[in-house]
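Spelled out, the chains give:
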Amino acid sequence: MNPTERPSTNALGRRPAAATSRGSDGRRAARDAVPSHAVPSRRQFLRAVGGSAVAAVGGCLGSSGGGVDTVTFGTLPLATVVPILIAQDEGYFADRNIEVERERINGVPLATPQLASGDIDVAAGSFGASIANSIAQDVPIRIAADMAQHYPNVPGAARVWAREGIYSEDATFPEIADAVDGPLTVAHNAEGGSLDYVLGRVLAAHDMTWDEVEVSEIQFSNMVSAMLSGDTDVCIAPDPLGLALANNANAGHVLYASAVAPRMQIAAYFFGGPFIEQRSDVAVRWLEGYLQGVRQYYEMGSYPDDAVATLINEAFDIDKGAIKSSVPAIPNKNGRVNQGDVMAQQEYHACRGYIDEPVDRSTLFETSLLSEALDSVGRIDEADATPSPDQVQQWGENAPQPYTPIGEIAELPDFPSDTVCQ
């Protein structure tokens, strides 16, 4: 049966949008398929829709035939998903009779209709207010596994950058703000998104208020020109996108997001309801392959390793030098999501007025499938499931340039405060 349709929504997903229709046989209809080895960056698979989606979907999504199950994986061209590429390259998915079909999406919020309908099984991206709003409206999507986290005393890929002319070496965020007349203009990619949360923590860490900044939403691809023109003083962006600000706009690194959000769940893998409910055995096998890919990623040495950089380059056409120079993603080797931090992010978005109705843990997360996958591939002791600062420093020493020291860490136990919530 076809999915239910509802009115369109605003950017934060406060009303669900119409989901993509499916064929009468319950299989994905009119998909522009991409083989697991293909580069999808030139093709647009998903039409931009509202920030939320419908909840209901019908039909079974069986295997692709011949004993091989196809898992449709939606992602932006992100280096962070390299464990998936490794799992494909090493045959960890093939060993489990899974073929990964990669599709380009424009972020998880815009892909919720495809997740809800089963047109996409798994999507990679960050948690934000629009996702919480969608789930609160009974859209069947769940956070299923870790993609990248921040850890104390470990550099994180998301950084704060200041434009040439106001940046000075070792300047603090307040000192950067003092270098301009009037409010500091700050850009991130989405209101109610993960980098909005980072900005809130930056302000709280430096006892600053929203009156001291002027915030705008800018696509990452437009940040260089915004800085060169002087329209934007500060941008928050992840590597390797952030490195373009340094290389093309002479921007300077101010701080890592992990310095103010040292336990942040920066990104995760989201499963659609049909994948969870109708193809749970396939979902478990996909997670098994992913976990092996994560562990192999660590064995290979992360982004500075030439083989890792080559896989990312071939998949997404990202310059290998930029990949090797980027601060890498830090996934948990057991796929464990920091649920406490996701709930803290939701609390922040609610206090800022981005979320209509907070969602409880049992509705946000799907944990049983990951647990079953770990039963198969084995659990790593939690102390060893995350990298030590020394290990990340070693990666930096193998990179074209060592990573910038992380500096002082702001734990912010009382975040969000009333000041931040104004």
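Before any of the text, the structure's been laid out above.
Treat the numbers as computed from the prediction; the structure is a model and nothing was measured.

*Asks:* How would you explain the packing of aromatic side chains if you had to name every residue and give the values?
*Replies:* How two aromatic rings sit relative to each other is set out by the distance from centre to centre and by the angle between their planes. In the structure shown here, the tally under the stated rule is 15 aromatic pairs. Ring geometry for Phe73 against Trp286: centres 6.3 Å apart, planes inclined by 45°, an arrangement best described as tilted. One end of the pair, Phe73, is in strand S1 (residues 69-75); the other, Trp286, is in helix H10 (residues 280-300), with 213 residues separating them in the sequence. Owing to a relative accessible area of 0%, Trp286 belongs among the buried residues under this scheme. Between Tyr297 and Trp395 the ring centres are 6.3 Å apart and the planes differ by 65°, which places this aromatic pair in the edge-to-face class. Taken together, the residues span a long stretch of sequence, with Tyr297 in helix H10 and Trp395 in helix H16 (residues 389-398) at a distance of 98 residues. Overall, the relative accessible area of 1% leaves Tyr297 in the buried class. Through successive ring pairs, a cluster of aromatic residues spans Phe73, Phe93, Tyr269, Phe271, Phe275, Trp286 and Tyr290. It is Arg352 that lies over the ring of Trp210; its NZ or CZ is 3.8 Å from the centre.

*Asks:* How would you summarise H10 if you had to cite specific residues and measurements?
*Replies:* With 21 residues, H10 extends 30 Å from end C-alpha to end C-alpha; this agrees with the ideal 30 Å at 1.5 Å per step. Of all 21 residues in H10, 16 are buried; the element is thus mostly enclosed. Looking one or two residues beyond H10, the residue adopting positive phi is Gly301, at roughly 100°.

*Asks:* Could you give an account of the nonpolar core, naming the residues involved and the relevant values?
*Replies:* Residues Phe173, Leu184, Tyr269, Phe271, Trp286 and Ile312 are the most contacted members of the largest nonpolar core, which totals 95 residues. With 11 residues, H10 is the largest single contributor of residues to this core. With 24 residues, the next largest nonpolar core counts Ile105, Ala268, Val337 and Phe365 among its residues.

*Asks:* Account for the pattern of salt bridges, naming residues and giving values.
*Replies:* If you walk through the whole model with that rule in mind, you get 11 salt bridges. For the salt bridge of Arg163 with Asp233, the shortest nitrogen-to-oxygen distance reads 2.8 Å. In this pair, Arg163 is assigned in the loop between strand S5 (158-162) and helix H4 (173-178) and Asp233 in the loop between helix H6 (223-229) and strand S8 (234-238), connecting sequence segments 70 residues apart. On the accessibility criterion, Asp233 (5% relative accessible area) is buried. One salt bridge in this structure joins Arg285 and Asp281, with 3.6 Å as the shortest N-O distance. Of the two residues, Arg285 and Asp281 both sit in helix H10, 4 residues apart, roughly one turn of that helix. By relative accessible area, Arg285 is classed as buried at 19%. Here the residues in one salt-bridge network are Asp69, Asp281 and Arg285, joined through shared partners.

*Asks:* Hey, could you go over the sheet that holds S1 for me, with residue numbers and the actual values?
*Replies:* Strand pairing in a sheet is mediated by backbone hydrogen bonds. Such pairs are either parallel or antiparallel. Read from one edge of the open sheet, 5 strands run S2-S1-S3-S10-S4, paired in mixed fashion. Only two strands of the sheet have a single neighbouring strand rather than two, namely strand S2 (98-104) and strand S4 (141-149). The mean angle between the axes of side-by-side strands here comes to 25°, regardless of whether they run parallel or antiparallel.

*Asks:* Requested: an account of the state of the cysteines, with residues and values cited.
*Replies:* Put plainly, a disulfide is one covalent bond tying together the sulfur atoms of two cysteines. Scanning the entire structure with this criterion turns up 1 disulfide. Paired by a disulfide, Cys351 and Cys421 hold their sulfur atoms 2.2 Å apart. One quick way to see it: the torsion about the S-S bond of Cys351 and Cys421 is about -95°, and its sign makes the bridge left-handed. Of the two residues, Cys351 sits in helix H13 (residues 339-351) while Cys421 sits in helix H17 (residues 418-421), which places them 70 residues apart along the sequence. We classify Cys351 as partly exposed; its relative accessible area is 23%. A relative accessible area of 21% means that Cys421 is categorised as partly exposed.

Analysis parameters
Residues numbered from 1 in each chain as written. Predicted model: local features only at pLDDT ≥ 70, side-chain atom pairs only at ≥ 80, totals over all residues. Heavy atoms only, no water. Phe/Tyr/Trp six-rings, centres within 6.5 Å; stacked < 30°, edge-to-face > 60°. Helix = DSSP H or I, 4+ residues; strand = E, 2+ residues; numbered from the N terminus. Buried < 20%, exposed > 50% of the residue type's maximum accessible area, 1.4 Å probe, protein only. Lys NZ or Arg CZ within 6 Å of the ring centre and 35° of its normal. Expected span 1.5 Å × (residues − 1). Core = buried A, V, L, I, M, F, W, Y, C linked by side-chain atoms within 4.5 Å. Salt bridge = Lys/Arg side-chain N within 4 Å of Asp/Glu carboxyl O. Pairing = 2+ DSSP bridges. Axes fitted to C-alpha atoms, helices over the stretch in contact; angles between N-to-C directions. Disulfide = S-S within 2.5 Å.

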